[in-house]
Amino acid sequence: FKKSTTRTRNRPMTTSTQQSTRREAITRPSSASLPPTTATTKKSSPTNELPYNPLESSSTRSLKSQRLGRNASWPDYPEEPSGISFQSLQKVWSQLVPSTASFLFPKGGIKSHQDSVSGCVMLTQALEYSKNHGNNSFIDQLDLIFRWCTIALLARDHTAGLRSLLSLLRLLFERLSEVSYVMLNEEASILLPHLLDKCGVAKSQFKDQFLNVISYVRSSGVCQTKEYYGPVLCMTVVDKSKFASARALAANECRLCVESHGVTAISKKGIRITAKALSSEYQLLDMRNAYLSLLEAAFMKFNDNPERLLQYIDKDLNDKTRELVLGRCVRPNPPGQSFHSVQTPEKRRPSRPSNSQQIQSDPPPTQLASSAAKENLRQRLQNLKDDKHQSGNAAEPKLMASRVCPERSTESSDIFSRTLNEIEQLLDAENLTDDPSVVRGATAINYLLSAMISDPESRPIKTLSDMEVRLLGEGISFDFNNVVETVTGALKFSFHASNDESLPVQLINSIITLLSYLFKLAQNADAISQSTLEYVLRESVQVLLDPRLSGPKYEMAIMRPTNKFAMRAAMAPSRDTALSSLIMLQKETITSSEGKYLAKQSRVYTKLYKKVIADEYDKNDAGPLAGVKLDSMLRSLDWLLQSSQDVRSRDPNSSELLKSSSEMSRSIMLELIKCRGSSVRNAASQLILPGNDLIGNLLAECESELGVTVSQSASSKGTACLDTHKESHFSNLINAFAQAANNGDAHQQQVALSEIIDFRHTHQDVDFDSHLEYLSPQFRSYIREQLRKETKENVQESQQEQPSLDREKINSMRLNLSASQERARDEAGRPSSAQPVADKAASLRARLEALRAKD
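Quick caveat: nothing in here was measured; it's all calculated off a predicted structure.

**Structural notes on the overall build of the protein**
The helix and strand tally for the protein stands at 34 helices and 0 strands. Relative to its 855 residues, the protein shows a buried fraction of 49%. Summarising the internal contacts of the protein: among those between residues at least 6 apart in sequence, 76% fall at separations of at least 24. Carbon and sulfur atoms form 49% of the exposed surface of the protein, whose accessible area is close to 40800 Å².

**Quick word on unusual backbone geometry**
A negative phi holds for most residues other than glycine; trans holds for most peptide bonds. For the bond running from Tyr77 to Pro78, omega is 10°, close enough to zero to count as cis. Topologically, Pro78 is positioned in the loop between α2 (64–69) and α3 (83–96). Here Ser180, not a glycine, exhibits a phi torsion of approximately 60°, which is positive. As for its position among the elements, Ser180 is in the loop between α7 (159–178) and α8 (185–200). One non-glycine residue with positive phi stands out, namely Ser267, at about 70°. Along the chain, Ser267 falls in helix α12 (residues 267–281). Look at Ser267 and you get partly exposed, because its relative accessible area is 25%.

**Focus on the packing of aromatic side chains**
The relative placement of two aromatic rings is captured by the distance of their centres and the angle of their planes. Counted by the stated rule, this structure contains 6 aromatic pairs. Ring plane angle 75° and centroid distance 6.2 Å describe the contact between Trp93 and Phe105, whose orientation is recorded as edge-to-face. One end of the pair, Trp93, is in helix α3; the other, Phe105, is in the loop between α4 (101–104) and α5 (117–133), and 12 residues separate them in sequence. Across the pair, Phe105 and Trp93 agree in class, each one buried.

**Description of the nonpolar core**
Counting 196 residues, the largest nonpolar core has Trp93, Trp148, Phe173 and Met183 as the members making the most contacts within it. In this structure Met183 touches Phe146, Phe173, Leu176, Ala188, Leu192, Val217, Val222, Cys223 and Gln224, once residues within four positions along its chain are discounted. Listed in part, the 9 residues of the second largest apolar core include Phe737, Ile756, Ile757 and Ile783.

**Concerning the environment of Pro75**
In this fold, Pro75 is placed in the loop between α2 and α3. Exposure remark for Pro75: the relative accessible area of 14% places this residue in the buried category. Taking the C-alpha atoms as reference points, Pro75 and Ser85, separated by 10 residues in sequence, lie 8.1 Å from one another. Once you skip the residues sitting within four places of it in the chain, Pro75 turns out to touch Glu80, Pro81 and Ser85.

**A look at the environment of Pro51**
Looking at the secondary structure, you find Pro51 in the loop between α1 (15–27) and α2. Distance from Pro51 to Tyr129, taken between C-alpha atoms, is 8.1 Å for residues 78 residues apart in sequence.

**Things to note about the packing of helix α22 (residues 530–544) against helix α24 (residues 575–591)**
Two numbers describe how α22 lies on α24: the axes approach to 9 Å, and their chain directions differ by 55°. When the axes of α22 and α24 are compared, the pair comes out oblique. By crossing handedness, the relation of α22 to α24 is classed as right-handed. Residues Gln530, Leu533, Glu534, Leu537 and Arg538 of α22 lie in contact with α24, whose contacting residues are Thr577, Ala578, Ser580, Ser581, Leu582, Met584, Leu585 and Glu588. Here the residues of the contact of α22 with α24 sort into 6 nonpolar, 4 polar and 3 charged.

**Regarding the pattern of salt bridges**
In total, this model carries 25 salt bridges according to the counting rule given. Between Arg681 and Glu703 there is a salt bridge, and its shortest N-O distance comes to 2.7 Å. One end of the pair, Arg681, is in helix α28 (residues 679–684); the other, Glu703, is in helix α29 (residues 694–706), with 22 residues separating them in the sequence. With respect to burial, Arg681 and Glu703 carry one shared label: buried. Taken together, the shared-partner salt bridges connect Arg575, Asp615, Glu616 and Lys619 into one network.

**Considering the side chain of Asn53**
Mapped onto the secondary structure, Asn53 falls in the loop between α1 and α2. With a relative accessible area of 9%, Asn53 lands in the buried category. When residues no more than four places from it in sequence are discounted, the contact partners of Asn53 are Ala126, Tyr129, Asn135 and Ser137.

**Considerations on helix α6 (residues 142–153)**
Between its terminal C-alpha atoms α6 stretches 16 Å, which fits the 16 Å expected from 12 residues at 1.5 Å a residue. Among the residues making up α6, those that are buried are Leu142, Asp143, Leu144, Ile145, Phe146, Arg147, Trp148, Cys149, Thr150, Ile151, Ala152 and Leu153.

**Focus: the packing of α7 against helix α9 (residues 204–220)**
α9 packs onto α7 with a crossing angle of 15° between their chain directions and a minimal axis gap of 10 Å. Viewed along their axes, α7 and α9 adopt a mutual orientation that is roughly parallel. α9 is crossed by α7, and the crossing has left-handed handedness. On α9, the residues touching Thr159, Leu162, Arg163, Leu166, Ser167, Leu169, Arg170, Phe173, Glu174 and Ser177 of α7 are Gln205, Phe206, Gln209, Phe210, Asn212, Val213, Tyr216, Val217 and Ser220.

**Examining the environment of Tyr617**
With respect to the secondary-structure elements, Tyr617 resides in helix α25 (residues 598–619). Residue Tyr617 is classed as partly exposed on the basis of its relative accessible area of 28%. For Tyr617, the residues in contact, after removing those within four places along its chain, are Pro624, Glu671 and Cys675. A polar contact of 2.6 Å, which involves the side chain of Tyr617, links it to the side chain of Glu671.

**Remarks on the state of the cysteines**
Enumeration over the complete set of coordinates arrives at 0 disulfides. Here Cys120 is not disulfide-linked; the sulfur of Cys149 is the nearest cysteine sulfur, at 6.7 Å. Using a relative accessible area of 1% as the deciding quantity, one classes Cys120 as buried.

**With respect to the side chain of Arg288**
Note that Arg288 resides in helix α13 (residues 285–301). Not counting residues up to four positions away in its chain, the partners in contact with Arg288 are Leu278, Glu281, Tyr282, Gln283 and Leu324.

**A few points about α3**
Over its 14 residues, α3 runs 20 Å from end to end, which matches the ideal 20 Å to within 8%, given 1.5 Å per residue. Ser85, Phe86, Leu89, Trp93 and Leu96 are the residues of α3 that are buried. Down the axis of α3, the buried set is contained in an arc of 95°. They therefore lie on one face. Away from its buried face, by an angle of more than 90 degrees, α3 presents the exposed residues Lys91 and Gln95.

**Topic: the confidence of the model for the protein**
For residues with low pLDDT, the predicted coordinates do not support detailed interpretation. Put simply, the protein has an average pLDDT of 75, and 67% of its residues get 70 or more. Segment residues 333–374: pLDDT under 50, and 31 contacts once partners within four positions in sequence are set aside and those in other chains are kept. Counted against residues more than four places away or in other chains, residues 829–837, with its pLDDT under 50, gives 6 contacts.

The rules we used
Residues numbered from 1 in each chain as written. Predicted model: local features only at pLDDT ≥ 70, side-chain atom pairs only at ≥ 80, totals over all residues. Heavy atoms only, no water. Helix = DSSP H or I, 4+ residues; strand = E, 2+ residues; numbered from the N terminus. Buried < 20%, exposed > 50% of the residue type's maximum accessible area, 1.4 Å probe, protein only. Contact = heavy atoms within 4.5 Å. Areas by Shrake-Rupley, 256 points an atom, 1.4 Å probe, with all protein chains shown as cover. Phe/Tyr/Trp six-rings, centres within 6.5 Å; stacked < 30°, edge-to-face > 60°. Core = buried A, V, L, I, M, F, W, Y, C linked by side-chain atoms within 4.5 Å. Axes fitted to C-alpha atoms, helices over the stretch in contact; angles between N-to-C directions. Parallel < 35°, antiparallel > 145°, perpendicular 65-115°, else oblique. Left-handed = near helix turned anticlockwise from the far one by under 90°. Nonpolar A, V, L, I, M, F, W, Y, C, P; charged D, E, K, R; others polar. Salt bridge = Lys/Arg side-chain N within 4 Å of Asp/Glu carboxyl O. Expected span 1.5 Å × (residues − 1). Polar contact = N/O pair within 3.5 Å; in protein donor to acceptor, adjacent residues only side chain to side chain. Disulfide = S-S within 2.5 Å. Arc of directions from axis to C-beta. pLDDT = per-residue confidence, 0-100.

Here is the structure:
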């Protein structure tokens, strides 16, 4: 087994991932649809020059000043832009450049750097047009460009996409320098703090490109270095960034500004911020050096009276950092020159002599004694630290008895990046015995595991300081999905790189324990993406089905911990994410042509689904599945049903393979009807389904099994209304909610409330207040309060989900259109029957184009 050098997130292309890639390619603008540009060709040529400006505005009036003054939807640093910020930007910019906005705003949003490639290409074309034609109209949209670049920059990492984005930023700043444009402070604050943040945590292959862009911004004059970049932007990052490496980078940038422009490039406020940061982080070597270097540069430029500057920050320093500042920043007096000290000679600490300038007078005996005592104490502390480090290494678990884990420097602000990189290098190892990267990777896994354990005595690495534990925890929270996928890749490597006789039990146990801790934290539940969960569950099930675990040798050590983790991973995320992931994994399994245990794998997914449903009833007995989005769930279920039908038509002997997936599909529909009532049929009526209507047939069967009766007229219209008039049906829903509340039936009350919310969402023209007039004021207020609470929890999530739902609609229509076209070709020899099918295909094609135009 030899894993590729790509990140763990970019998994090897299986049948399912190939299909997923094809589905994403449907909605993303391809490079073939874009005019040729230097972003898509290796060399620029005159034939690639665009005859038009891609950013040509439909408005002749510049509204940039109004946008900068009214940016309520854009958050201040360090808060990151949300889905609402993306939608607001899309609305404003699409009005200015309607013809090219589709390249900037893909249907599914900008979730990774790869989604921004088409926008980078378009903006690169605009800058090239500006350069070739002397058209600087793009400056009127510079704030919008910066906001778009910030959203793209903060997306999930993708190698080619991030390189395209950094190339665009360098080209943009070069063009601003060519036209002698200096960014407004409001413009610079949109992008540059996040650029420093991202550069601080960037991986080694991107570090140089990031630093190249930042260095150009500082030195080219496109930003007010002396007045704004150093004293405001850099100090804001030092004060507010949650990444230690970004704070160190900002301090170094400010130091360069001070060396070039004097102490005004940091300001007095910046000096106090640096002093406070030094007092809180002086234990980390990188941070201490960065802050001391900045303060040293400020003291050297403050020629008036360094002691006055020291007095200004004295209250922000503790005893240790005060001694560091005195020894590093305050130089001894030249011979014969008095020094106006604010401290008395008795209280003043001796300064460290400079290498180029020695103090001529001998120090008093008390100072000699004090220096000797300090040196003796320093040596004793160092010896104690070495003993502690050695004892800590002896307690660390070793991967192999014949190998010792290498020592790592714990005084580093970049500990998270190095730890994750070492795990990724583990995936490239040739085997488990002779490659040193395996030992480093196992140690790195123990570092992450130690950061997740609160009890210091229970940590595998006991030498970690509290600061390092905090830095590792911050890194895990910031890049959670990447961490989970990287560690899961290490689990996969452990099984594939092992020989047939033995498995690395200790390494596998550490990985399973770390993954369990990652999924155990409640704050990580919302951060789990569907693709990450699919990858984790897929690899966990593969581990459970490994034939080497069938014997008693590995049952207790590997099989049971992995089984518990798989159940925890399935139940930890939101129900939408968990159920959608299991449905897609079932579809992937039944359609796969590779694998030895596909039927067993399908049964395991069905068992995990049952665990998820049972956990939902335990935790939310009053209203189970109330938060599930019916549109998305029914589309996924329809996709699984169509895949099952295709497999059954190709292989009549596939009943054993399809048994578990069919059971799971039917169970999901039954649970949705039990918990959501007629809202399921109402949501199904909004879907664009093929002629065979698999969802409708399954829905009718499940309703019949549960004894739910639906009138023929309502069924033909695809709605669950017992009365054909929607006003009457809404009144019935209100009455059902009131009756359930009076009877004290919490479950039926939650079901009725969910139906009211779904109905209001579908029929917004119904006068809601008029249906509450006959109720008592107390009960009317109660209903409104319950509706307000229920809708407030889902409104932001539904806004962010809408682009993906539109993409699923288009995908479903494309699939249905392809099926109709195939049936039309099969019926080509029978004109009487082929004509209706061809008409249905044409109708679907027209509806697809209408939906595109609407989007």
